[in-house]
Amino acid sequence: MRPLTGVDTEDGMACLDMVVAEIEGAQFLEAEVRAVLTDCARRCTPDVAFRVLLRAIRCAPDASLSSEQYTRLQAIGSALRYGEFLVDFVRYLVEEH
């Protein structure tokens, strides 16, 4: 597999810190999963890492999101210019208090 070059390496770079913070904050994911996602965000693109994070959240058996976490995920999705339904994919995991 070739390393990413040019524009592909810039996808979501302005969101890198926010994506990494959300990965690290997803304590219901195994440490190894969080480490791989963080590596992906830094070595591939934050866009790819964020998309995989959303999938990992949905697949995690103990996943739950606070409304604040979900709001941050929406903000990242908006900054990455995602459509309204990509982040909404995990909305059902938001804890209702």
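Everything that follows concerns the structure shown earlier in this document.
Calculation notes
Residues numbered from 1 in each chain as written. Predicted model: local features only at pLDDT ≥ 70, side-chain atom pairs only at ≥ 80, totals over all residues. Heavy atoms only, no water. Helix = DSSP H or I, 4+ residues; strand = E, 2+ residues; numbered from the N terminus. Buried < 20%, exposed > 50% of the residue type's maximum accessible area, 1.4 Å probe, protein only. Contact = heavy atoms within 4.5 Å. Areas by Shrake-Rupley, 256 points an atom, 1.4 Å probe, with all protein chains shown as cover. Core = buried A, V, L, I, M, F, W, Y, C linked by side-chain atoms within 4.5 Å. Disulfide = S-S within 2.5 Å. Expected span 1.5 Å × (residues − 1). Salt bridge = Lys/Arg side-chain N within 4 Å of Asp/Glu carboxyl O.

**Side note on the overall build of the protein chain**
Piece 1. Across its full length, the protein chain carries 5 helices and 0 strands.
Piece 2. Each helix and strand of the protein chain, ordered N terminal to C terminal, gives the series α-α-α-α-α.
Piece 3. Across the 97 residues of the protein chain, 39% fall into the buried class.
Piece 4. Counting contacts in the protein chain only where the partners sit at least 6 residues apart, residues at least 24 apart contribute 68% of the total.
Piece 5. By element, 51% of the accessible surface of the protein chain is carried by carbon and sulfur atoms, the whole surface being about 6,400 Å².

**Some remarks on the nonpolar core**
Piece 1. Ranked by size, the top nonpolar core spans 28 residues in total, and within it Val19, Phe50, Leu53, Ile57, Leu65, Leu73 and Val90 carry the most contacts.
Piece 2. Elements supplying a minimum of two residues to this core: α1 (16–25), α2 (31–43), α3 (46–59) and α4 (67–79).
Piece 3. It is α3 that contributes the most residues to this core, 6 residues altogether.
Piece 4. Once residues within four sequence positions are removed from consideration, valine 19 is found in contact with Ala41, Pro46, Ala49, Phe50 and Ile76.

**With respect to the state of the cysteines**
Piece 1. Within this structure, the stated rule accounts for 0 disulfides.
Piece 2. For cysteine 44, which is in no disulfide, the shortest distance to another cysteine sulfur is to cysteine 40 and amounts to 4.1 Å.
Piece 3. The exposure class of cysteine 44 is partly exposed, given its relative accessible area of 34%.

**Notes on the environment of leucine 73**
Piece 1. Its location among the elements puts leucine 73 in helix α4.
Piece 2. Setting aside residues up to four positions removed in sequence, leucine 73 forms contacts with Glu22, Phe50, Leu53, Leu54, Ile57, Leu65, Val87 and Val90.

**Brief notes about α3**
Piece 1. For α3, built from 14 residues, the straight-helix expectation of 20 Å at 1.5 Å per residue is met to within 8% by its first-to-last C-alpha distance of 20 Å.
Piece 2. Taken as a whole, α3 has its buried residues at Pro46, Asp47, Ala49, Phe50, Leu53, Leu54, Ala56 and Ile57.
Piece 3. Looking at the buried residues of α3, the elements they touch are α1, α2, α4 and α5 (84–88).

**Focus: the pattern of salt bridges**
Piece 1. Scanning the entire structure with this criterion turns up 3 salt bridges.
Piece 2. Where arginine 72 meets glutamate 22, a salt bridge forms, and the shortest distance between an N and an O atom there is 2.5 Å. You can see arginine 72 sitting in helix α4 and its partner glutamate 22 sitting in helix α1, a full 50 residues away along the chain.
Piece 3. On the basis of relative accessibility, which here comes to 39%, the residue arginine 72 falls in the partly exposed class.

**Description of unusual backbone geometry**
Trans peptide bonds make up the majority, and among non-glycine residues the majority have a negative phi.
Piece 1. With phi around 60 degrees, arginine 81 is a residue other than glycine that occupies positive phi space.
Piece 2. Relative to the helices and strands, arginine 81 is located in the loop between α4 and α5.

Fair warning: the whole summary comes from geometry, so function is off the table for now.
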